[in-house]
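What follows is each chain in one-letter form.
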Amino acid sequence: MSAFSQVAEYSAKHPKPADITFEYGTAGFRTIGVTLESTVFRAGLLAALRSQSKQGQVIGVMITASHNHERDNGVKLVDPMGEMLQQSWESYCTDIANAGSDDQVVDILSYIVEKEGIDLSVRAKVAYARDTRPSGPLLQKALEDGLAALDVDAANFGIVTTPQLHYFVRCLNTANSTSPYGEPTEAGYNKKYGQAFLRLVEGKPLPSTLHIDAANGVGAPQVLKLAEAIGSPYFNIDVQNSDTATLGKLNIDCGADHVKSNQRPPAGTTLVPGERYCSFDGDADRIVYYYSDDNGVFHLLDGDKISTLVATYLRDLVTAAGISDLQVGVVQTAYANGSSTSYIKDTLRLPTVFAKTGVKNLHHEAEKMSIGAYFEANGHGTVLFNPSAVAKLQAARPESPAQADAINRLWTLRDLINESVGDAMSDMLLVETILICKGWTLEQWDAAYTDLPNCLLKVVVNDRSIFKTTDAEQQLTSPPGLQNVVNSLVAKFSKGRSFVRPSGTEDAVRVYAEAASRSECDQLAYAVAGAVFDMAGGRGERPAEFL
Ligand SMILES: CC(=O)N[C@H]1[C@@H](OP(=O)(O)O)O[C@H](CO)[C@@H](O)[C@@H]1O
Ligand SMILES: [Mg+2]
């Protein structure tokens, strides 16, 4: 019996909608949830092959559409160390998702087996989970059929955050190694991060309550379980937007994406000056902080502010530890506020590089650094300690109690950080640790530098595939002539910067702009958006605000 003998029969239960072309983009597949049944079924098949290609290591499958609308859903594959699927497999995902017939699905599987030299006698192992979306159960069933069709050894982790699933995958694949990552259970996750947090803050003055907006998503029940496991006044939380049961609430007027995009608090939240607020996104892999000053002005502490806070703290600990050749670096994207980049380069004097949008790109750049902090401006990121940094920490011989303490804290911080992927809950504990240890308010944290006014717009065009970029997406090479126009517009504004790139997750082109003042920034953004609309096939009516 061929290994794929059952695939066509199972596949027939999950027919592909004829009129949709799927693409494995920046964040896996993502579109209207109920249209994704065939895609998720086929993602299960690919996860099985990926596991076999990795000698039976566990591959993760997460069903989520993160900050997107509740009607949307998505699926992405997680590689053995909890990182995003290796890029070279993304085109296999796209190809199999678009196969027109059940037989073609089987043909593509056979093609991959031959191309990758996969040993089909290896038992495939897959760990999967989903978020709280209403289309989740339907898609989970489709996934389970895909796994059954290939007789996969499958583990269902239920309804958890995306970073928790990444963590479980890493735990499962390191369980028998010399450095197991942790216990692959919710309790194990809460224990690992919670205990590291308590070890780091022990003896410091107690912080005030942290207000958490959980976007009415899976982060709500999970952060409550984390708080219960920590069980200490060091982590005293008030969770808002925690309704995962009522349809239509997920990510609506709340959550990290809402707060970052609109630069205002979640609807219904009145900020009390002096108190601490943060927002997760719908699958709890992003976090932003914010507060109101005494004049009632809203201030956002986004991914750039988090990465500078964390990088500064780590740099100071490395210095205090007396480890001279251990370098902390920062990875950003072009969406990082220009003030943050100048601050990292000129004040902190730390190396910094730009990666393309999408955390997998930042992750790979951070891996090249000894200790690499990477964050997208929207609040998705983490810190990586590469093997050379771990070896240097191991080899460090403290010459004073202060050095011993710094080394110890660096080790414990490694336990506090989810190195597999950006994680709102782990990042929150990291920020809380630093604020508690420094005795800082959000206003004190915010004082490091002032963001330049910035603006992010979308332009809908007939064909966004004509947009090609270079230099970490900061320059357009196509459509011809458009970059010259952008350059001439930018030159008119003090501290002006603007770039244009096609979105990897939405059918739109994004325009980013920043400048010395709010009005200059808006003028620049609308002028660039107008040029994009006019020169590159804007679709529909030209928005009135475009210049
Ligand atoms: C400007 C912006 O925020 N872009 C987001 C968005 O990507 P786009 O390719 O820009 O659509 O979704 C990605 C996945 O969640 C996230 O990694 C990225 O930061
Ligand atoms: Mg997310």
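Residues numbered from 1 in each chain as written. Chains lettered and ligands numbered in written order. Predicted model: local features only at pLDDT ≥ 70, side-chain atom pairs only at ≥ 80, totals over all residues. Heavy atoms only, no water.

Attention shifts here to helix 5 (residues 136-149). Between its first and last C-alpha, helix 5 extends 20 Å over 14 residues, near the 20 Å set by a 1.5 Å rise per residue. Considered for burial, the residues of helix 5 that qualify are G136, L139, Q140, A142, L143, D145, G146, L147 and A149. If you follow the buried residues of helix 5, they end up packed against helix 1 (7-11), helix 2 (37-53), strand 2 (58-63), strand 3 (72-78), strand 4 (125-130) and strand 5 (153-159). Positive phi appears at D151, one or two residues downstream of helix 5, with a value of about 55 degrees. (Helix = DSSP H or I, 4+ residues; strand = E, 2+ residues; numbered from the N terminus. Expected span 1.5 Å × (residues − 1). Buried < 20%, exposed > 50% of the residue type's maximum accessible area, 1.4 Å probe, protein only. Contact = heavy atoms within 4.5 Å.)

For the rest of this paragraph, the subject is unusual backbone geometry. Look at the link from S478 to P479: it is a cis peptide, with omega at 0 degrees. We note that D151 has phi near 55 degrees; this positive angle belongs to a residue other than glycine. Although it is not a glycine, N216 sits at a positive phi angle of roughly 55 degrees. Locating N216 in the fold gives a position in the loop between strand 6 (210-213) and helix 8 (219-230). The buried category is assigned to N216, whose relative accessible area is 7%.

The next thing to look at is the coordination of the magnesium ion (ligand 2). Every protein donor of the magnesium ion (ligand 2) is listed here as S66 (OG), D281 (OD), D283 (OD) and D285 (OD), and their distances to the metal cover 2.0 to 2.2 Å. Linear spacing of the donor residues for the magnesium ion (ligand 2) on their chain is S-x214-D-x1-D-x1-D. Taken as a pair, S66 in the loop between strand 2 and strand 3 and D283 in the loop between strand 8 (276-280) and strand 9 (287-292) lie far apart in primary sequence, 217 residues in all. For the pair S66 and D283, a shared accessibility class is recorded, and that class is buried. (Donors = N, O, S within 2.8 Å, 3.2 Å for Na, K, Ca; no water.)

Moving on, we come to the site of ligand 1. Around ligand 1 there are 14 residues in total, and E376, S503, G504, T505 and R510 lie nearest to it. Note that an oxygen atom of ligand 1 is positioned 2.7 Å from one of the side-chain N or O atoms of E376. Backbone polar atom of G504 to an oxygen atom of ligand 1: 2.7 Å apart, as the coordinates give it. In the complex, the protein chains occlude 90% of the 430 Å² of accessible area that ligand 1 would expose alone. Across the shell around ligand 1, the residue classes break down as 2 nonpolar, 8 polar and 4 charged. (Near = heavy atom within 4 Å. Polar contact = N/O pair within 3.5 Å; in protein donor to acceptor, adjacent residues only side chain to side chain. Areas by Shrake-Rupley, 256 points an atom, 1.4 Å probe, with all protein chains shown as cover. Nonpolar A, V, L, I, M, F, W, Y, C, P; charged D, E, K, R; others polar.)

A word on the nonpolar core. For soluble globular proteins, the rule of thumb is that nonpolar side chains tend to be buried together. L165, V223, F235, F280, Y289 and M428 are the most contacted members of the largest nonpolar core, which has 82 residues in total. Listed in part, the 44 residues of the second largest apolar core include L36, V40, A48 and A99. (Core = buried A, V, L, I, M, F, W, Y, C linked by side-chain atoms within 4.5 Å.)

Enumeration over the complete set of coordinates arrives at 25 salt bridges. A salt bridge links K13 to D145; the shortest N-O distance between them is 3.4 Å. In this pair, K13 sits in the loop between helix 1 and strand 1 (29-32) while D145 sits in helix 5, placing the two residues 132 residues apart along the sequence. Judged by its relative accessible area of 47%, K13 is partly exposed. Residue classification places D145 among the buried positions, given a relative accessible area of 7%. Where D507 meets R539, a salt bridge forms, and the shortest distance between an N and an O atom there is 3.1 Å. One end of the pair, D507, is in the loop between strand 18 (497-502) and strand 19 (509-514); the other, R539, is in the segment after helix 18 (518-535), and 32 residues separate them in sequence. (Salt bridge = Lys/Arg side-chain N within 4 Å of Asp/Glu carboxyl O.)

Within this model, the second largest pocket holds a volume of roughly 850 Å³. Considering the residues around the second largest pocket, the lining is formed by 31 residues, among which E23, G25, T26, S503 and G504 are closest to the centre. Secondary structure elements with two or more residues in the lining of the second largest pocket: strand 1, helix 12 (359-367), strand 16 (468-470) and strand 18. Considering each element in turn, the lining of the second largest pocket owes the most residues, 3 residues, to strand 1. (1 Å grid on protein atoms, 1.4 Å probe; cavity = no way out; pocket = protein on both sides within 12 Å on 5 of 7 lines; lining within 4 Å. Points joined across faces, edges and corners; volume = space filled by probe spheres on them.)

Next up on the list: the pairing of strand 19. Burial analysis of strand 19 places 6 of its 6 residues in the buried class, which makes it a mostly covered element. Covered by surrounding structure in strand 19 are V509, V511 and A513 together with R510, Y512 and E514, the residues of both alternating faces. Examined bridge by bridge, strand 18 and strand 19 share 6 bridges and lie antiparallel to one another. Bridging from a neighbouring strand, P502 pairs with V509 of strand 19. Between strand 18 and strand 19, which follow one another and run antiparallel, lie 6 residues. (Pairing = 2+ DSSP bridges.)

In space, the 4 strands of this open sheet follow the order 12-11-13-14, with mixed pairing throughout. A single partner strand is all that each edge strand has here, and the edge strands are strand 12 (352-354) and strand 14 (381-385). Taking the axes of each pair of neighbouring strands and ignoring which way they run, one obtains an average angle of 20 degrees across the sheet. Bridge count for strand 11 (residues 328-332) against strand 12 is 3 bridges, and the pairing is parallel. Bridged to Q332 within strand 12 is F354. (Axes fitted to C-alpha atoms, helices over the stretch in contact; angles between N-to-C directions.)

Under the criterion given, the structure shown has 17 aromatic pairs. Judged by centre distance (5.9 Å) and plane angle (55 degrees), the rings of Y167 and Y181 are tilted. Placement of the pair is Y167 in helix 6 (residues 162-174) and Y181 in the loop between helix 6 and helix 7 (186-201), with a sequence separation of 14 residues. Overall, Y167 belongs to the buried group, its relative accessible area being 0%. Seen in terms of ring centroids, Y343 and Y449 are 5.3 Å apart; in terms of plane orientation they differ by 40 degrees. Their pairing is tilted. Here Y343 is found in helix 11 (residues 338-347), whereas its partner Y449 is found in the loop between helix 16 (442-446) and strand 15 (454-459), with 106 residues between them in sequence. Assigned by exposure class, Y343 and Y449 land together as buried. Through a chain of ring-to-ring contacts, three or more aromatic side chains come together here, namely F157, Y167, F168, Y181, Y189 and Y193. (Phe/Tyr/Trp six-rings, centres within 6.5 Å; stacked < 30°, edge-to-face > 60°.)

A cluster of nonpolar side chains, I32, V34 and L138, forms an exposed patch at the surface whose accessible area comes to about 240 Å². For V34, the position within the fold is in the loop between strand 1 and helix 2. (Patch = residues over 30% accessible without salt bridge, like charges linked within 9 Å, V, L, I, M, F, W, Y side chains within 5 Å.)

Everything listed here is a matter of coordinates, which is why it stays silent on function.
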